[in-house]
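Observations on the model geometry
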Amino acid sequence: MQARLAICIAIGTLLLPSSALAQKKKKPKKEPPEITQVLELPKDPPLTVVADTERLGFHISPLSSKGLLSQQIKDAIKALWTNARGAQIVKIRGFVAGSGDMRRVPAIVSEMFTDKHQPIPAVSVVQVGSLPLDGAQVVLEAMSVNRKPVNPNGLAFISGQAATVADPLTPLQAAMTGVEPKAITCFMNMLDKVNDVRAKIASAYPAAAMNFVQLRRDTLGDFVECEAVGAVQQPIGKPVEYRGIKENRYADAVLLGPGKIVISGMQMAFGSGEQDIRLAYGRLEKAIAPASAKLADIVVARLYPLSTAAAEAVGKVRFEFSNGKQPPSTTMLVFEGLPSLDAAFAMEMIALPR
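Residues numbered from 1 in each chain as written. Predicted model: local features only at pLDDT ≥ 70, side-chain atom pairs only at ≥ 80, totals over all residues. Heavy atoms only, no water.

Within the protein, the regular secondary structure consists of 8 helices and 16 strands. Out of the 354 residues in the protein, the part that is buried amounts to 50%. For the protein, the share of sequence-separated contacts (at least 6 apart) that also reach a separation of at least 24 residues comes to 84%. Accessible surface for the protein amounts to roughly 18,000 Å². Of this, 55% is attributable to carbon and sulfur atoms. (Helix = DSSP H or I, 4+ residues; strand = E, 2+ residues; numbered from the N terminus. Buried < 20%, exposed > 50% of the residue type's maximum accessible area, 1.4 Å probe, protein only. Contact = heavy atoms within 4.5 Å. Areas by Shrake-Rupley, 256 points an atom, 1.4 Å probe, with all protein chains shown as cover.)

The structure is reproduced here in structure tokens:
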């Protein structure tokens, strides 16, 4: 009986399909190890860009209260793209209000321009007290390069002109003789009368893009200081012309004829002492050197100290690096904050390449 059973089992095994035998012999395959995908980090914005004055356009994003800071930055960039109408954006300056992380501005700019396969613009960002819309946390200003000349005679950069809410226009108009303004930015102590200031400036310059920010949350009074950039109406016949020179301080306006300019991103000083400021100027010099520019070639300066002490230190040392008899167009006011908690001062410049 046992012999018959053994024979039957043997015969049954022989009659099994070959595929069944193969399945019995096959060992389970090992799953291949998962490949970890490493995403490439977006590049940092460039330290400098080069553009032609006759082809530069200027844009200001509309204010929005929708979403948190990151969403507002994205919406502002999309609005700038729409406004630029295909022109390449080469520089962005951001003003952030509130406690949001200002470092999100250059990070998101880099991400979005990279995703669009567009060159990343140079970026500067400063914290201000507030913006003239409840819930608005950011406003972006941009320079773009048009395919065709839009400023055939070149550009004029107007220094911040101190004024009052009652009369924000008179100093600005005096500095802007022979210039068609393209963009105007006004820094105010308080925004309670911003609509009055806006109406007065818009009545004089209806075609200009306008931006209004509060300098710091602790400022009071009717102080207003407006800076501007615009198209020169008549040829100046030379590369650069200085108007309203205040020796070792600033020029009310610097007019640049057609040609290339070097536009910097932001350089910060980590301390408010004179040596800290000198180190920042040294880093700026290295940044603009590859574009064949030197500190002595600076024609426009935008300076962002966070304290009176830092502003005084800047005032003492900045003409060690530039010509006090032909000072750049300059705006220097005390602001709320900078992207680094350790920073006490920042600057951005425009220079003429050699």
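A separate point is helix α6 (residues 194-204). Residue pairs spaced three or four apart in an α-helix point in one direction, given the helix's 3.6 residues per turn. Taken as a whole, α6 has its buried residues at Val-194, Val-197 and Ile-201. An end-on view of α6 places all buried positions within 65 degrees of arc, on one side of the element. Seen from the open side of α6, the exposed residues pointing more than 90 degrees away from its buried face are Asn-195 and Ser-203. Against β7 (179-188), β8 (209-214) and β9 (223-232) lie the buried residues of α6. (Arc of directions from axis to C-beta.)

Let's shift gears to the side chain of Glu-227. Mapped onto the fold, Glu-227 is located in strand β9. Of the residues examined, Glu-227 reaches a relative accessible area of 6% and is grouped as buried. At a separation of 2.7 Å, a polar atom in the side chain of Glu-227 contacts the side chain of Thr-331. When sequence neighbours within four positions are dropped, the list of residues in contact with Glu-227 reads Arg-93, Ile-158, Ser-159, Gly-160, Ala-183, Ile-184, Thr-185, Phe-187, Arg-302 and Thr-331. (Polar contact = N/O pair within 3.5 Å; in protein donor to acceptor, adjacent residues only side chain to side chain.)

This brings us to the sheet that holds strand β4 (residues 122-128). Ordered in space as β2-β5-β3-β4, the 4 strands form an open sheet in which the pairing is mixed. This sheet does not close on itself; its edge strands, each paired only once, are β2 (56-60) and β4. The mean inter-strand angle of the sheet, taken between neighbouring strand axes irrespective of direction, is 15 degrees. As defined by bridge partners, strand β3 (residues 88-97) adjoins β4 across 7 bridges and the pair is classed as parallel. Within β4, the position partnered with Ala-97 by the bridge is Val-128. Contacts from helix α3 (residues 69-84) reach β2, β3 and β5 (138-145), with the element oriented near 30 degrees to β5. (Pairing = 2+ DSSP bridges. Axes fitted to C-alpha atoms, helices over the stretch in contact; angles between N-to-C directions.)

Turning our attention to the pattern of salt bridges. Counted under the stated rule, the structure contains 16 salt bridges. Arg-243 is the partner of Glu-241 in a salt bridge, and the nearest nitrogen-oxygen pair spans 2.9 Å. We classify Glu-241 as buried; its relative accessible area is 19%. Two residues, Lys-316 and Glu-274, come together in a salt bridge whose shortest N-O distance is 3.9 Å. With a gap of 42 residues between them, Lys-316 in helix α8 (residues 308-317) and Glu-274 in helix α7 (residues 274-288) connect regions that are remote in the sequence. Judged by relative accessible area, Glu-274 falls into the partly exposed class, the value being 32%. Three or more residues are tied together by salt bridges with common partners; here these are Lys-91, Arg-93, Glu-141, Glu-227, Arg-302 and Glu-348. (Salt bridge = Lys/Arg side-chain N within 4 Å of Asp/Glu carboxyl O.)

Helix packing geometry: the angle between the two helix axes and the distance between the axes. Axis separation between α3 and helix α4 (residues 104-115) bottoms out at 10 Å; the angle between their running directions is 50 degrees. The pairing of α3 with α4 is recorded here as oblique in orientation. For the element pair α3 and α4, the recorded crossing hand is right-handed. Across from Ser-70, Ile-73, Lys-74, Ile-77, Lys-78 and Trp-81 in α3, the residues of α4 making contact are Arg-104, Val-105, Ile-108, Val-109, Met-112 and Phe-113. (Parallel < 35°, antiparallel > 145°, perpendicular 65-115°, else oblique. Left-handed = near helix turned anticlockwise from the far one by under 90°.)

Quick look at the pairing of strand β11 (residues 250-256) now. Most of β11 sits inside the fold, with 7 of its 7 residues counted as buried. One ladder, built from 4 bridges, connects strand β6 (residues 155-164) with β11; its direction is antiparallel. From the neighbouring strand, Ala-156 faces β11, where its bridge partner is Leu-255. As judged from the 6 bridges shared by strand β10 (residues 240-246) and β11, these two strands associate in the antiparallel manner. Directly across from Ile-245, in β11, lies its bridge partner Ala-251. Turn length for the β10-β11 hairpin, with the two strands adjacent in sequence and antiparallel, is 3 residues, and the turn residue Asn-248 shows positive phi of about 60 degrees.

Let us now look at the nonpolar core. Of all hydrophobic cores here, the largest spans 25 residues; its most connected members are Ile-158, Leu-172, Ile-184, Met-188, Ile-201 and Tyr-205. At the level of secondary structure, the elements contributing two or more residues to this core comprise β6, α5 (170-175), β7, α6, β9 and β11. Ignoring any residue separated from it by four or fewer positions in sequence, one finds Leu-172 in contact with Ile-158, Gln-161, Ile-184, Tyr-205, Cys-226 and Ala-228. (Core = buried A, V, L, I, M, F, W, Y, C linked by side-chain atoms within 4.5 Å.)

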